[in-house]
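In case you want the letters, here they are:
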Amino acid sequence: MATKTNKNSHAARAYGCHLPLRGGYAHAAQLAVQLQHAVGVRSYQYFSKNPRGLSVKSGYETDAQAARDICQQHGIESIAHTPYPTNLAVDAARSPEKFQLTVQSLLNDLMIAEACGSVGIVVHFGSYKGGAGTPATDTEKLHSYENIIVTLNTVLSVWNGRAKLLLENQAGNHGGLGATFEELVSIRRLSNYPDKIGFCFDTCHAYASGLWNPSATNEMLEAGSCHDYWNHVQAVHLNDSRETYGSKQDRHANLGQGYIGADGIAELLRSKELEHCMFVLETPGDPSGGHGQEWMFIQNILQPNG
């Protein structure tokens, strides 16, 4: 393997998938080790806790430390994903109880990720809670951005760990927030703690929002570089799309089986801008719940002469 890595720098890139938390953090890490032996996985994602609600989890320390030890022993990286109801744009003035619960949950997520040795926690940019399917107006967007900054500053003012908060770009279906490089980098820059914030780039979201046209991948990569975005991307959610370009619909497809297509995924996976990132599948997989064909797809891209 070392020889292949020297011949082809793509081979050094860490790829993996989202793993279930049933059985605990150490069990997920052990599953990653099994996949490492089978298909070369060197990264994975897990939910920090129950993904369906905001909560504070306790009693995780021993299990998390075991996961950390396993990953360090085998050279595996990980990221945690926050629960789905987490909304950075929650209004502290209008919903103080929900704001406090959001802050407490995020701090708990960071503590869990730190204990597991993870790079950071992935959190969706923020959602505008207006009418169903209603895009936010410019004024409403500005207020949402202000709320996001307040939430980030409140959480990160008391967080001194190594795990970062990783803002994920969105598909455009949450009031239109978080779908552009400008929004993402501006929020990071305007926060009081930019060094504690990174990014997670979701390929399906980028395609659905209109941020990434696979026929012009270089243009998107150059735009991200101009905004100093890629330097702060820690992880990539590697997904194809079941919906068309610009649809604003977040529906993942297996690699090469959606509208993005094999060529678009391959070009992005090989790009130098993302060579430092871990790549994590969030795709449906095969009927058994695995990703056999997708592992072969990735390996053929990263080691074409292997």
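Heads up: the structure comes first, above all this text.
On a predicted model such as this, the values are computed, not experimentally measured, just so you know.

A word on the overall build of the chain
Now for step 1: Along the chain, the regular secondary structure elements total 10 helices and 10 strands.
Now for step 2: For the chain, whose C-alpha radius of gyration is 19 Å, the value lies close to the compact-globule estimate of 19 Å for 306 residues.
Now for step 3: With the C-alpha coordinates aligned to their principal axes, the bounding extent of the chain is approximately 55 × 45 × 35 Å.
Now for step 4: Counting across all 306 residues of the chain, residues that qualify as buried make up 53%.

Some details on the packing of helix 9 (residues 261–270) against helix 10 (residues 292–302)
Now for step 1: Look at helix 9 against helix 10: their axes get within 10 Å of each other, and the N-to-C directions meet at 55°. Comparing their axes, helix 10 and helix 9 come out oblique. Here helix 9 runs over helix 10; the crossing is right-handed. Between helix 9 and helix 10, the residues in contact are Ala262, Ile265, Ala266, Leu269 and Arg270 and Phe297, Ile298, Ile301 and Leu302, respectively.
Now for step 2: Residues of the contact of helix 9 with helix 10, tallied by class, amount to 8 nonpolar, no polar and 1 charged.

So, the packing of helix 5 (residues 138–156) against helix 6 (residues 181–190)
Now for step 1: Interhelical geometry of helix 5 versus helix 6 gives an angle of 45° and a closest axis separation of 10 Å. Here helix 5 lies oblique to helix 6, going by the angle between them. Relative to helix 6, the crossing made by helix 5 is right-handed. Touching Tyr145, Ile148, Ile149 and Leu152 of helix 5 are Glu183, Ile187 and Leu190, all from helix 6.

Details of the nonpolar core
Now for step 1: Ranked by internal contacts, the top residues of the largest apolar core, which has 81 residues, are Tyr44, Leu167, Phe201, Tyr229, Trp230, Val233 and Ile298.
Now for step 2: Setting aside anything within four residues of it in sequence, one finds Val233 in contact with Phe199, Phe201, Leu274, His276 and Cys277.

Calculation notes
Residues numbered from 1 in each chain as written. Predicted model: local features only at pLDDT ≥ 70, side-chain atom pairs only at ≥ 80, totals over all residues. Heavy atoms only, no water. Helix = DSSP H or I, 4+ residues; strand = E, 2+ residues; numbered from the N terminus. Rg over C-alpha atoms; globule rule 2.2 N^0.38 Å. Buried < 20%, exposed > 50% of the residue type's maximum accessible area, 1.4 Å probe, protein only. Axes fitted to C-alpha atoms, helices over the stretch in contact; angles between N-to-C directions. Parallel < 35°, antiparallel > 145°, perpendicular 65-115°, else oblique. Left-handed = near helix turned anticlockwise from the far one by under 90°. Contact = heavy atoms within 4.5 Å. Nonpolar A, V, L, I, M, F, W, Y, C, P; charged D, E, K, R; others polar. Core = buried A, V, L, I, M, F, W, Y, C linked by side-chain atoms within 4.5 Å.

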